[in-house]
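So you can see what is in the structure, the chains are spelled out below.
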Amino acid sequence: MKDKNRAKQRIEELTKKIEEHNFHYYVEADPKISDYEFDRLLDELVSLEKEYPEFKDENSPTQRVGGQVTKKFPAVRHKYPMYSLANTYSKEEVIDFDKRIKKAIGESFEYVCELKYDGVAISLTYENGRLVRAVTRGDGVTGDEITNNVKTIPSIPLRLRNEPPALIEVRGEIYMPHGSFLKLNRQKEENGESLFANPRNAAAGSLKLQDSSVVAKRRLECFIYGLAGDNLPYPTHWDCHKELKSWGFRVSEDVRKCNGINEIFPFVDEYEEKRGSLPFDIDGVVIKINSFDQQDRLGYTSKFPRWAIAYKYKAERAGTILEDVLFQVGRTGAVTPVAVLEPVRLAGSTVKRASLYNADKLEELDLHYNDYVYVEKGGDIIPKIVGVDTGKRESRARKVVFAKKCPECGSELAREPDGSVHYCPNSMSCPPQIRGRIEHFISRRAMNIESLGQGKTELLISKGKINNIADLYSLDYHDLIGLEKLYKDPENGKQKRISFREKTVKNILSAIEASRNTPFDRVLYSLGIRHLGETMAKKLARHFGDIDKLMNASFDELVAVKDVGEKMARSITAYFENRGNTEIIERLRNAGLIFSMHSSAEPAGSALDGKSFVVSGVFEKYSRNEIKELIEKHGGEVKGSISSKTDYLVAGEKMGPEKRRKAEELQVPVISEKQLEELISKG
Ligand code: IVH
């Protein structure tokens, strides 16, 4: 009983602490503890909640990592409608708006100017300070309830501070910052999936995912800009902002109280300048009447408030010549059209290329070679072609058609059954696919054979030493020593000489050796099956348990797995139907790679017999638990604290200084995850 009470108390204490630090980190952007210390508090809460599920709160900070799956988002009617905003691109119309206001309420009023965030509008309901519902705008009257997904967004408080009213409904915008957007599209590109055209689409798409743990990884953010309700006890929008902030909401600092129309335009112009350097997209400025009394007197039309207007920035646009269209082949064989443009200045940078996404986009634009095209960067980060001046087209101009054959290997291109992506089916011998698949296989998040970078891989391919991922495991010292090549670094275009000397060769061979311990889910991800990202590889590995069961799974068995769509199921069956792929898997299996979830539970070796380890920090390749499993699997034991009996401290990033000091004091060797792998492989 005593234990139980203590656990309950500690859970409450940890919850409060974590919420507090979350607020400092995400709302105030002023963290008070290191990420590592934060993770430790969260780890402790996770394990206490596991042990005492009866004390787990629905709004516990552990909910941020997601896990709940929503099959269908229920439609919910808004208590207060979610209005849209009248908008304009013309300053004259803003002046007209000001005249209308003056006519209706006289000369004495203030404006508040804010940014118009380009994301997804959200309505959040809090009862007794706890988030109970998150609903999208929908048609303004009814929206979709997406509470589980919204709970994963760290800047949205799950419990409020400073005693807000018992029932409140706040309004804001969920958006995807540029950094998260670029990372997401990079991953999608690697997985051969079609890209999101802009951060707004990416945010909207993420919020509609069924699995909230995937939403958690999308790193969405939110600004709250208003409170809905009648007879609010705050006289102005400005006061309301302050109140929202005190309750723990993330409210933008980029707001200004303006006395009259003449103070509005400097704000508008200032942010048009700053727009390019903000870490998120905005598409204009919202101008609102500050006093709630005056807002009420002005009222609403059927769609818009009469007390606010959005001034939208024009997308910056430039005209240039379409010199060529390239068809780029990615590692999974997906072919993407890219426009090559006569260089043109646009929104502070020179644009030479623009993405054309896919065949449909190409068709929609009806592009011809040498066309005069318009390029826009309307806040979006990737320039895009938005139109063609057909009047300037030469009469005999040739229409751009999607390539029929792979520009790299000449194979006839195929199209996904849903028509979205063209791809080269010659996966075994198309050069960028060979290179891409090996590069993916050795990458950090896959098998982590870091000593082999892009340049060295290319050298091995060009010398005929490797042609596929299985060949890596047949390499020996004599294959490598003395190989040499000049290599152009794609990052900076500089020439580098790569030569395989004694030390390089040893590093490569021991990294390959160590990679044999990689767990099954990662091996599965490393194979580079089209559309199979890290998360789904994990799910499939857990679901089927080993590669044979996965290989023998029918299309129907695959789509029956949570979150496996038809596209992914087709891609998986096609992969295993290809003899070349199954042969490679057999060779990898013979090389000792792990193809079963269960093999990690069985003792795999005795390399670490009798050795005692302490594990601390955040690791690149493995989670902390995976490191512990790896040690135990090879006969070592893992302890919670360092003592004179500790043989090694396995240290990741952000390890607490206290642990390092203790290790130094007791002369315990500190090793990295890589050195641990080497310790295992050397036996
Ligand atoms: S106020 C009744 N403020 O713009 C007034 N909206 O075109 C309702 N938006 O659906 C909106 N930033 O998604 C307001 N600072 C801001 C905004 C903002 C972005 C979006 C919001 C709304 C749309 C209306």
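Definitions and limits used
- Residues numbered from 1 in each chain as written.
- Predicted model: local features only at pLDDT ≥ 70, side-chain atom pairs only at ≥ 80, totals over all residues.
- Heavy atoms only, no water.
- Axes fitted to C-alpha atoms, helices over the stretch in contact; angles between N-to-C directions.
- Helix = DSSP H or I, 4+ residues; strand = E, 2+ residues; numbered from the N terminus.
- Parallel < 35°, antiparallel > 145°, perpendicular 65-115°, else oblique.
- Contact = heavy atoms within 4.5 Å.
- 1 Å grid on protein atoms, 1.4 Å probe; cavity = no way out; pocket = protein on both sides within 12 Å on 5 of 7 lines; lining within 4 Å.
- Points joined across faces, edges and corners; volume = space filled by probe spheres on them.
- Nonpolar A, V, L, I, M, F, W, Y, C, P; charged D, E, K, R; others polar.
- Near = heavy atom within 4 Å.
- Polar contact = N/O pair within 3.5 Å; in protein donor to acceptor, adjacent residues only side chain to side chain.
- Areas by Shrake-Rupley, 256 points an atom, 1.4 Å probe, with all protein chains shown as cover.
- Sits in = over half its atoms within 2 Å of the grid points.
- Pairing = 2+ DSSP bridges.
- Phe/Tyr/Trp six-rings, centres within 6.5 Å; stacked < 30°, edge-to-face > 60°.
- Buried < 20%, exposed > 50% of the residue type's maximum accessible area, 1.4 Å probe, protein only.
- Lys NZ or Arg CZ within 6 Å of the ring centre and 35° of its normal.
- Left-handed = near helix turned anticlockwise from the far one by under 90°.
- pLDDT = per-residue confidence, 0-100.

Colleague: What is the right way to read the packing of helix 15 (residues 502-514) against helix 24 (residues 673-682) from this model?
Modeller: A pair of packed helices is captured by two measures, namely the crossing angle of their axes and the spacing between those axes. Interaxial distance between helix 15 and helix 24 falls to 9 Å at its minimum, and their mutual angle equals 80 degrees. In terms of their interaxial angle, helix 15 and helix 24 are classed as roughly perpendicular. Where helix 15 approaches helix 24, its residues S510, A511, E513 and A514 are matched on the opposing element by K674, E677, E678 and S681.

Colleague: Where do I start with empty space enclosed by the protein in this structure?
Modeller: The probe, sized like a water molecule, is rolled over the atoms to show the empty space still left. If you walk through the whole model with that rule in mind, you get 1 cavity of 30 Å³ or more. The volume enclosed by the largest cavity comes to roughly 60 Å³. Secondary structure elements with two or more residues in the lining of the largest cavity: helix 12 (431-442) and helix 21 (579-590). Broken down by element, the lining of the largest cavity gets its largest block of residues, 3 residues, from helix 12. Per-class residue counts for the lining of the largest cavity are 7 nonpolar, 2 polar and 1 charged.

Colleague: Where do I start with the site of the ligand in this structure?
Modeller: Contacts to the ligand come from 15 residues, most closely from E114, L115, A121, E173 and K288. In the environment of the ligand, a nitrogen atom lies 2.7 Å from a nitrogen or oxygen atom belonging to the side chain of E114. Within the side chain of Y225, a nitrogen or oxygen atom sits 3.5 Å from a nitrogen atom of the ligand. If the ligand stood free it would expose 520 Å²; the protein chains cover 88% of that surface. Because more than half of its atoms lie within 2 Å of the grid, the ligand is assigned to the second largest pocket. Elements represented by at least two residues in the shell around the ligand include exactly strand 3 (111-117) and strand 10 (282-289). Here the shell around the ligand is composed, by residue class, of 9 nonpolar, 1 polar and 5 charged.

Colleague: Whenever I open this one, the sheet that holds strand 21 (residues 612-616) confuses me. Can you help?
Modeller: One key point about sheets: their strands pair by backbone hydrogen bonds, in either a parallel or an antiparallel sense. In spatial order, the strands read 22-21-23-24; together these 4 strands make up an open sheet with parallel pairing. At either end of the open sheet lies a strand with only one pairing partner, and these are strand 22 (637-639) and strand 24 (670-671). Direction of pairing for strand 21 relative to strand 23 (residues 648-651): parallel, over a ladder of 4 bridges. Bridged to V614 within strand 23 is L649. Across the face of the sheet, helix 22 (residues 624-633) comes into contact with strand 21, strand 22 and strand 23 while running at roughly 170 degrees to strand 21. Against the sheet, helix 23 (residues 657-665) engages strand 21, strand 23 and strand 24, with an angle of about 150 degrees to strand 23.

Colleague: Got a minute to help me understand the packing of aromatic side chains in this structure?
Modeller: Each pair of aromatic rings is reported with the distance of its centres and the angle of its planes. Under the criterion given, the structure shown has 21 aromatic pairs. Between F109 and Y111, the ring centres sit 5.1 Å apart and the planes meet at 80 degrees, which makes this aromatic pair edge-to-face. The residues F109 and Y111 share a single accessibility class, namely buried. Their ring planes at 25 degrees and their centres at 5.5 Å tell us that Y175 and F223 sit as a pair that is stacked. Of this pair, Y175 sits in strand 7 (residues 167-175) while F223 sits in strand 8 (residues 221-228), and the two are 48 residues apart along the sequence. Overall, Y175 belongs to the buried group, its relative accessible area being 2%. Just above the ring of Y423 sits the side chain of R530; from NZ or CZ to the centre is 3.9 Å.

Colleague: Help me out: how do you make sense of the sheet that holds strand 8 in this one?
Modeller: Overall, antiparallel pairing links the 4 strands, which are arranged 5-4-7-8 in an open sheet. For this open sheet the edge positions go to strand 5 (130-136) and strand 8, each flanked by a neighbour on one side alone. Going across the sheet, the axis of each strand differs from the next one's by a mean of 30 degrees, ignoring polarity. Pairing between strand 4 (residues 120-127) and strand 5: 6 bridges, direction antiparallel.

Colleague: Would you explain the packing of helix 12 against helix 13 (residues 454-462) in this entry?
Modeller: Where helix 12 meets helix 13, the closest approach of the two axes is 10 Å, and the angle between their N-to-C directions is 135 degrees. As summarised for this structure, helix 12 and helix 13 are arranged oblique, according to the angle between their axes. Crossing of helix 12 over helix 13 shows right-handed handedness. Counting all contacts with helix 12, which are made through I434, R435, I438, E439 and I442, the residues of helix 13 involved are Q454, T457, E458 and I461. Per-class residue counts for the contact of helix 12 with helix 13 are 4 nonpolar, 2 polar and 3 charged.

Colleague: Whenever I open this one, the confidence of the model for the chain confuses me. Can you help?
Modeller: Low pLDDT marks stretches whose predicted atomic positions should not be read closely. Looking at the chain as a whole, the pLDDT averages 89, with 97% of positions reaching at least 70. Taken element by element, the predicted model of the chain shows its lowest mean pLDDT in strand 19 (residues 484-488) (78) and its highest in strand 3 (97).

Colleague: For this particular structure, what's the right way to read the layout of surface pockets?
Modeller: Size it by volume and the second largest pocket reaches roughly 1,200 Å³. As for the second largest pocket, its lining consists of 45 residues, and the residues nearest its centre are Y83, R171, Y225, P305 and W307. Those elements that place two or more of their residues in the lining of the second largest pocket are strand 3, strand 4, strand 7, strand 8, helix 8 (237-246), strand 10, helix 10 (292-298) and strand 11 (308-312). By residue class, the composition of the lining of the second largest pocket is 22 nonpolar, 10 polar and 13 charged.

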